[in-house]
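# Analysis of the macromolecular model
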Amino acid sequence: MSITIMIVDDSPTMLMSLEGVLTRQGFGVVKATSGEQALAVLKGGTKPALLITDLNMGAMDGIQLIREARRLPGFQFLPMLMLTTESQQAKRQEAKSAGATGWLVKPVQPDALLGVIKQVVPGS
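For every chain, the first residue of the written sequence is number 1, and numbering continues from 1 along that sequence. Predicted model: local features are reported for residues with pLDDT of at least 70 only, side-chain atom pairs are reported and counted for 80 or more only, and whole-chain, interface and lining totals are derived from all residues. As a rule here, side-chain values come from all non-hydrogen atoms in the structure, and water together with hydrogens is ignored.

## Description of the packing of helix H3 (residues 62–71) against helix H4 (residues 89–98)
Quick note on the threshold: Axes here refer to lines fitted to C-alpha atoms; in helices the fit is confined to the stretch in contact. Angles between the N-to-C directions go from 0 to 180 degrees. Under the scheme used here, helices are H or I runs from DSSP no shorter than 4 residues and strands are E runs no shorter than 2 residues, and both carry numbers assigned from the N terminus. Should an angle lie under 35 degrees it is considered roughly parallel, over 145 roughly antiparallel, and from 65 to 115 roughly perpendicular; all remaining angles are considered oblique. The sense of a crossing depends on the near helix, which, turned anticlockwise from the far helix by less than a right angle, makes the crossing left-handed and, turned clockwise, makes it right-handed. We call two residues in contact when some of their heavy atoms are within 4.5 Å. In this count, Pro and Cys sit with the nonpolar residues alongside Ala, Val, Leu, Ile, Met, Phe, Trp and Tyr, while Asp, Glu, Lys and Arg are called charged and the others, Gly among them, polar.
Where H3 meets H4, the axes come as close as 8 Å, and the angle between the chain directions of the two elements is 15°. When the axis of H3 is compared with that of H4, the two are roughly parallel. The crossing of H3 and H4 is left-handed. Residues Ile63, Ile66, Arg67 and Arg70 of H3 form the contact with H4, whose participating residues are Lys91, Glu94, Ala95 and Ala98. Considering only residue class, the contact of H3 with H4 consists of four nonpolar, no polar and four charged.

Set out below in structure tokens:
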């Protein structure tokens, strides 16, 4: 059974690029284009091994998504990574206190991304 990773980004280009990197490594990928859509998918029973979300999206940003996802049953310990162009320390702190496992700055190199996934997803 392959490991499924959920990617959340309002940029179709970013989703396509991340999906390409992940599927080439044998990961299953579930995509969402907004925080609201991602939450609906999670509430619908999808249990990814990892959630990677953009910070700046429409109505619900990545920090809010992480905060909401942490409240769902079974998602308290799910690794959640923030992937964003932002690098301010204050935003990083806010993401961490919302429950983010890690922070990656775009554009992320495939090797760097896969290295982080290996660290946070057991058996990947």
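Now that the structure has been shown, we can carry on.
## Some points on the pairing of strand E3 (residues 50–53)
Which entries qualify depends on this criterion: Think of it in three bands: with a 1.4 Å probe and only protein chains considered, a residue is buried below 20% of the maximum accessible area for its type, exposed above 50%, and partly exposed in between. When DSSP locates at least two bridges between a pair of strands, those strands are taken to pair.
Both faces of E3 are covered, namely the face carrying Leu50 and Ile52 and the face carrying Leu51 and Thr53. Across four bridges, the pairing between strand E1 (residues 4–8) and E3 is parallel. The partner of Ile7 across the bridge, within E3, is Ile52. Strand direction decides the pairing type here: E3 and strand E4 (residues 80–84), joined by three bridges, are parallel. In the sheet register, Ile52 faces E4, and the bridge partner there is Leu81.

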